Amino acid sequence: NVPAVIPFNKAQKKLLDEMTVDTKALAMYANKVQIAMGKGTAVAIHSLGLRIAEATQDEARFGSTAIEQLANFLGTTATVLYSYRSFATLFSIDTVQEYQERHLLTVAHWCALTKIKEEPARMKMLEKTIKENYSAAELINLIRSGSAGGATNNRYSTGRNVSTPRSIQGGLQKIQSSMIPL
């Protein structure tokens with residue numbers, strides 16, 4: 001049941017040419033996962049997340065920029081791919097399949113749940129999400145507000161973290177660069 005590969009454009013072909021053999025194989029697999037989206041999305045993304053975890057643990061095989069290359073190839077961000085990795089490493093495939101049979105959760109639901117640090121609190125919130133029929137947005141808001149129960153890794157971001165200036169001069173430069181000219 002292997003889906004066909006989406007035809008590549010010139011930019012994607014160029015990106016593939018720059019990848020290691022193993023990163024290229026991962027990109028081809030990820031491309032197939034994108035095609036398989038539908039009812040089995042969470043299961044497919046879980047599988048992709050495990051492969052991303054492998055790529056981040058084996059830099060010698062995949063290269064130090066494998067995740068960034070893969071993100072560019074797929075038209076997404078490294079942050080999204082790292083959230084897939086968290087999903088796959090914090091939830092077993094059996095758990096995902098069991099819950100997907102009872103209630104269709106989106107990948108956004110699963111990735112939001114990874115922000116809850118302790119497994120018992122995470123599983124309790126998973127049950128509550130199904131019982132209360134929370135949308136992914138409602139679940140994210142509950143986790144952000146601290147209402148999810150348990151400690152959270154409450155970092156929702158779309159890019160890299162802003163660094164703290166290391167000197168007074170650096171702090172002043174950061175303030176000056178963020179000021180709106182009059």
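See above for the structure.
Draft legend 1. Region of interest: the overall build of the protein chain. Looking only at helices and strands, the protein chain features 11 helices and zero strands. Listed by position from the N terminus, the elements making up the protein chain come as α-α-α-α-α-α-α-α-α-α-α. A total of 182 residues make up the protein chain; the buried ones form 34% of that total. For the protein chain, the proportion of contacts with a sequence separation of at least 24, taken over those separated by at least 6, is 63%.

Draft legend 2. Local environment of helix H5 (residues 66–74). Counting buried residues in H5 gives seven out of nine residues, a clear majority hidden from the surface. Among all positions in H5, only Ala-66, Ile-67, Gln-69, Leu-70, Ala-71, Phe-73 and Leu-74 are buried. Following H5 by one or two positions, Gly-75 has its phi on the positive side, about 75 degrees.

Draft legend 3. Focus on the side chain of His-109. Position of His-109 relative to the elements: it lies in helix H8 (residues 107–113). At 2.8 Å, the side chain of His-109 and the backbone oxygen of Tyr-134 are in polar contact. Those residues in contact with His-109, other than ones at most four positions away along the chain, are Thr-129, Tyr-134, Ser-135, Ala-136 and Leu-139.

Draft legend 4. Summary view of the pattern of salt bridges. Under the definition given, this model contains four salt bridges. Here Glu-54 and Arg-61 are joined by a salt bridge, their closest N and O atoms 2.9 Å apart. Overall, the relative accessible area of 35% leaves Arg-61 in the partly exposed class. For Arg-61, the salt bridge goes to Asp-58, with nearest N and O atoms at 3.5 Å. If you follow the salt bridges from partner to partner, you end up with Asp-22, Glu-54, Asp-58 and Arg-61 in one network.

Draft legend 5. Spatial organisation of the packing of helix H7 (residues 93–102) against helix H9 (residues 119–132). Axis separation between H7 and H9 bottoms out at 11 Å; the angle between their running directions is 15 degrees. Classified by the angle between their axes, H7 and H9 sit roughly parallel to one another. The two elements H7 and H9 meet at a crossing, and its hand is right-handed. Contacts between H7 and H9 involve Thr-95, Tyr-99 and Arg-102 from the former and Met-123, Leu-126, Glu-127 and Ile-130 from the latter. Within the contact of H7 with H9, the residues separate by chemical class into four nonpolar, one polar and two charged.

Draft legend 6. The environment of Gly-63, seen in detail. Looking at the secondary structure, you find Gly-63 in the loop between helix H4 (59–62) and H5. A relative accessible area of 23% means that Gly-63 is categorised as partly exposed. Each C-alpha atom of the pair Gly-63 and Thr-23 lies 7.5 Å from the other, and the pair is 40 residues apart in sequence.

Draft legend 7. Fine view of the side chain of His-46. Looking at the secondary structure, you find His-46 in helix H3 (residues 41–57). With residues near it in sequence (within four places) discarded, His-46 still touches Phe-87, Ala-88, Phe-91, Ser-92, Ile-93 and Val-96.

Conventions we followed
- Residues numbered from 1 in each chain as written.
- Predicted model: local features only at pLDDT ≥ 70, side-chain atom pairs only at ≥ 80, totals over all residues.
- Heavy atoms only, no water.
- Helix = DSSP H or I, 4+ residues; strand = E, 2+ residues; numbered from the N terminus.
- Buried < 20%, exposed > 50% of the residue type's maximum accessible area, 1.4 Å probe, protein only.
- Contact = heavy atoms within 4.5 Å.
- Polar contact = N/O pair within 3.5 Å; in protein donor to acceptor, adjacent residues only side chain to side chain.
- Salt bridge = Lys/Arg side-chain N within 4 Å of Asp/Glu carboxyl O.
- Axes fitted to C-alpha atoms, helices over the stretch in contact; angles between N-to-C directions.
- Parallel < 35°, antiparallel > 145°, perpendicular 65-115°, else oblique.
- Left-handed = near helix turned anticlockwise from the far one by under 90°.
- Nonpolar A, V, L, I, M, F, W, Y, C, P; charged D, E, K, R; others polar.

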